Amino acid sequence: MSRILEQLELGLRRRRRVPVMMQTEAAECGLACLAMIAAHHGHEVDLAGLRAKFSISLKGSTLSDLMSIAASLDFAARPLRLELDHLSALQLPCVLHWDLNHFVVLVAADDKRITFNDPGFGRRTMSLEEASKHFTGVALELTPTPGFSPREAKRDVSLRQLIGKTIGFRGAVAQLLCLALALETFALLAPLLMQWVVDQAIVSGDRSLLATLAIGFLLLGLVQASVSIFRGWAVIRLGTSLNVQWMSNVFAHMIRLPIAYFEKRHLGDVVSRFGSIESIQRTLTGTFVEAILDGIMAVITLTMMLMYSPRLAVITICAVVAYGALRVGLYRLMRELAEEQIVLGAKQESTLLETIRGIQSIKLFSRENDRQARWMNLMVETTNRSLRTQKLSLLSRFLNSLLFMVENVLIVFLGAQLVLDKSLTLGMLFAFMAYKATFATRVSTLIDRGVELSMLRLQAERLADIVLTERENTSPSYASEAVEGAAALEVRDLTFRYADNDPLVLDRVSFEIRPGESVAITGPSGCGKTTLVKLMLGLIQPTSGDILVDGVSIFSLGPAAYRRRVAAVMQEDQLFAGSIAENIAFFDPQPDTAAIERCARLAAIHDDVLAMPMRYQTLVGDMGTALSGGQKQRLLLARALYKEPRLLFLDEATSHLDVDNERLVGDAVRRLALTRVIVAHRPETIRSADRQIMLERLQGDRAVPTGKGRIGAA
């Protein structure tokens, strides 16, 4: 018996559609593939849960990494090397290595074509000839082990978590509901007008009653129009208030997320997720309230229909049930297409933003056609998903019209017979038809709203990637007092790797820097110098070890308190649209003009600024495009000095300066009471430091000893 049940369960799993899961981070395609296969076998897990358990760096995952993660999920992994025409013999679903840098899930294969779920583009079907250009010949079969058990491990996303704290929301919704209920009351009275006119005024020939009814319902219509205006204004006010508060809450949370969050995601994807607020807000302030009212009206009109004729009411009930079954049947495909369209739209926006940012390089290498082709391909993919969604919507509307057309003919035919049989009056039939139309419309709309609210979960899950990501802990665990003068810095047994399966970047690094000392960190490119600086700045967290300033761990101080003591000029630092003075003061609401000029002099940019037409009010352009490379670096240095830091980190901060300007900057900064940590390759910059710490690459997992004062690194 147990064997039969096992076979039955296995058959159900095979028939279960492999869900499409779109990757969130730039390099988590392998993790998304494992999540899809796990969900197919009954382990419902989302990418956020897997990401929290198995960290993936920007370098992505190897096949060995996927096998290790699959084992943790109770799958037996079997790597294979095979030819393309043997794909149909694989145990599906399985993972395919794609384009040498990507993973996809194969869900179907025959002698002519394959169907696969691409975490970056959605469900795709491709001929074997076309697939041969992408498939690398490596596949990974995954089979549940005896320890595997179907379970659900998805995180729940509540509306309160997404919105955050808002003021006046409940009161505005209550007001909106009251106004909407008043409008629905007027709508319920309208069919009675036709019944009274037909059964009372016309039958009795009472013209005065007819005039009275007309005047009464005319006044009722005026009141209804007035209430409708108030309701519309209430919707506008609620939507605007909720949108402003909600976007403010999400933006405040987003800019406090760790820097790793932004490094692992494309810019367009982050913007798309942030833009989900508008879609959710529009649904909440309109669709949600209307869905409640549609439900109330459906119950009331159904009651009226049953009072007039239960037999006719049953026909309408069967029609709306059939329509509900139709929408439920199309829901899953509609959701997949909507998700693919959103993700591809985000990729398209990322490509556009990247193209605009890199237009100079594109022109220098004459790659306009290639960039255009890449953007066009993404646009076509997005448009195709949109067209498929619209086709399904057209099909749904056609079947809806056909279904209710048949229902309407039956109601008229049977209703007329009831009138002929004297079971109904003509006025009652007219009133029933009006209530029937309202009931069918409201229930159909309610079903559509239900599908829309369910589809809204897709937007909610995307927004949750921002809102539910834990932000930096800025609360200090150590109460520090403000101290002036240069700071001492100690790095103690510092070890770092970007992900659990990645090799070590730094291994047990230790050194001390005395107050006021200038130390140059040197070493070959890629040995971890910038990573070490980011660790010392508290931008990323070490795997193990500690960093102390004046004997106190920077993790005890907290990021906010520690960063008030330090300043940095990094390789990827940017200027912002505004004036030179605003950028030096970093848009300080109460800038110190004297300090701005003093820092500009220290950074040897003052004379350049005076030669500009608007001097310190000269605009720097988009991200500093109006300035030369050397001017931008000196302006960034002036911005760092404006903080009056005790620790100054310079990561190739003078690489664009000539020797004379670099000497001027070095002499000026050397006279300040601060400790300097310099990352450089230029001999002149290294010689200006009091001491040199050299990083060397790791051999295996052990640091390479290279002499006194030198540190091992990856």
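Everything below is about the structure shown above.
Residues numbered from 1 in each chain as written. Predicted model: local features only at pLDDT ≥ 70, side-chain atom pairs only at ≥ 80, totals over all residues. Heavy atoms only, no water.

Participant: What is the right way to look at the overall build of the protein chain in this model?
Facilitator: Counting secondary structure elements, the protein chain contains 23 helices and 18 strands. Residues classed as buried in the protein chain amount to 46% of the 714 residues present. Looking at the protein chain alone, contacts between residues at least 24 apart form 75% of all its contacts between residues at least 6 apart. Here the protein chain has roughly 36,200 Å² of accessible surface; of this, 58% comes from carbon and sulfur atoms. (Helix = DSSP H or I, 4+ residues; strand = E, 2+ residues; numbered from the N terminus. Buried < 20%, exposed > 50% of the residue type's maximum accessible area, 1.4 Å probe, protein only. Contact = heavy atoms within 4.5 Å. Areas by Shrake-Rupley, 256 points an atom, 1.4 Å probe, with all protein chains shown as cover.)

Participant: What exactly am I supposed to notice about the packing of helix α13 (residues 368-420) against helix α14 (residues 426-467) here?
Facilitator: Any two packed helices are characterised by the angle at which their axes cross and by the distance between the axes. Packing of α13 against α14 brings their axes to within 11 Å, and their N-to-C directions diverge by 160 degrees. The orientation of α13 with respect to α14, classified from their angle, is roughly antiparallel. As α13 packs across α14, the resulting crossing turns out to be right-handed. Residue-level contacts link N400, F404, E407, N408, I411, V412, G415, A416 and V419 of α13 to L426, L429, F432, M433, K436, A440 and S444 of α14. (Axes fitted to C-alpha atoms, helices over the stretch in contact; angles between N-to-C directions. Parallel < 35°, antiparallel > 145°, perpendicular 65-115°, else oblique. Left-handed = near helix turned anticlockwise from the far one by under 90°.)

Participant: Would you explain a nonpolar patch on the surface in this entry?
Facilitator: The grouping of L395, F398, L402, M405, V406, V409 and L410 at the surface amounts to a nonpolar patch, some 610 Å² of accessible area in total. Here L395 lies in helix α13. A residue is classified by how much of its surface remains accessible, and L395, at 39% relative accessible area, is partly exposed. (Patch = residues over 30% accessible without salt bridge, like charges linked within 9 Å, V, L, I, M, F, W, Y side chains within 5 Å. Salt bridge = Lys/Arg side-chain N within 4 Å of Asp/Glu carboxyl O.)

Participant: Where do I start with the pairing of strand β6 (residues 122-127) in this structure?
Facilitator: Across 6 bridges, the pairing between strand β5 (residues 113-118) and β6 is antiparallel. Directly across from F116, in β6, lies its bridge partner R124. The antiparallel hairpin formed by β5 and β6 contains 3 residues in its connecting segment. (Pairing = 2+ DSSP bridges.)

Participant: Would you mind showing me how to read the nonpolar core here?
Facilitator: When a protein is soluble and globular, its nonpolar side chains tend to lie buried together. Counting residues in each nonpolar core, the largest one holds 40 residues, and the members touching the most others are I580, I584, Y616, L637, L641 and L648. Residue assignment for this core shows that the elements contributing at least two residues are β14 (566-569), α18 (580-584), α19 (593-602), α21 (629-642), β15 (647-651) and α22 (659-670). By residue number, the principal contributor to this core is α21, which donates 7 residues. For L637, the residues in contact, after removing those within four places along its chain, are V569, A603, L648, L650 and V665. V519, I547, Y562 and L695 belong to the second-largest nonpolar core, a separate cluster that totals 33 residues. (Core = buried A, V, L, I, M, F, W, Y, C linked by side-chain atoms within 4.5 Å.)

Participant: Just checking my understanding: could you explain the packing of aromatic side chains for this structure?
Facilitator: If you walk through the whole model with that rule in mind, you get 8 aromatic pairs. Considering the side-chain rings of Y261 and F262, the 5.3 Å spacing of their centres and the 85 degrees angle between planes classify their relative orientation as edge-to-face. The class of Y261 is buried, set by a relative accessible area of 4%. Judged by its relative accessible area of 31%, F262 is partly exposed. Consider the rings of F576 and F586, whose centres lie 5.5 Å apart with planes at 45 degrees: the pair is tilted. (Phe/Tyr/Trp six-rings, centres within 6.5 Å; stacked < 30°, edge-to-face > 60°.)

Participant: Before we go on, may I ask you to explain the sheet that holds strand β13 (residues 552-553) in this structure?
Facilitator: Strand-to-strand pairing in sheets goes through backbone hydrogen bonds, with the strands running parallel or antiparallel. Spatially, 4 strands are ordered β10-β9-β12-β13 in an open sheet, and the strand pairing comes out antiparallel. With partners counted over all chains shown, the strands left at the sheet margins are β10 (506-513) and β13, one partner each. Where strand β12 (residues 544-549) and β13 come together, 2 bridges link them in antiparallel fashion. Note on β13: the bridge partner recorded for L548 is S553. In this fold helix α15 (residues 529-536) packs onto β9 (489-496), β10 and β12, with an angle of close to 120 degrees to the strand it touches most, β9.

Participant: So what exactly am I meant to see when it comes to the sheet that holds strand β3 (residues 94-98) here?
Facilitator: Ordered in space as β2-β7-β3-β4-β5-β6, the 6 strands form an open sheet in which the pairing is antiparallel. Each edge of the open sheet carries a strand with a single partner, namely β2 (75-81) and β6. Neighbour to neighbour, the strand axes of the sheet diverge by 30 degrees on average, direction disregarded. When β2 meets strand β7 (residues 135-144), the two strands line up antiparallel, connected through 7 bridges. Residue pairing across strands places R78 opposite E141, the latter belonging to β7. Running over the sheet, helix α2 (residues 29-40) touches β2, β3, β4 (102-109), β5 and β7 and is turned about 30 degrees from β4.

Participant: What's the story with the side chain of T618 in this structure? I'm lost.
Facilitator: Mapped onto the fold, T618 is located in the loop between α20 (606-610) and α21. In terms of polar contacts, T618 uses its side chain to reach the backbone carbonyl oxygen of R615, at 2.8 Å. Setting aside residues no more than four positions away along its own chain, T618 makes contact with G578, S579, I580 and M612. (Polar contact = N/O pair within 3.5 Å; in protein donor to acceptor, adjacent residues only side chain to side chain.)

Participant: Would you explain the state of the cysteines in this entry?
Facilitator: By definition, a disulfide links two cysteine residues through a covalent bond between their sulfur atoms. Counted under the stated rule, the structure contains 0 disulfides. Free of any disulfide, C29 has its nearest neighbouring cysteine sulfur in C33, separated by 6.1 Å. (Disulfide = S-S within 2.5 Å.)

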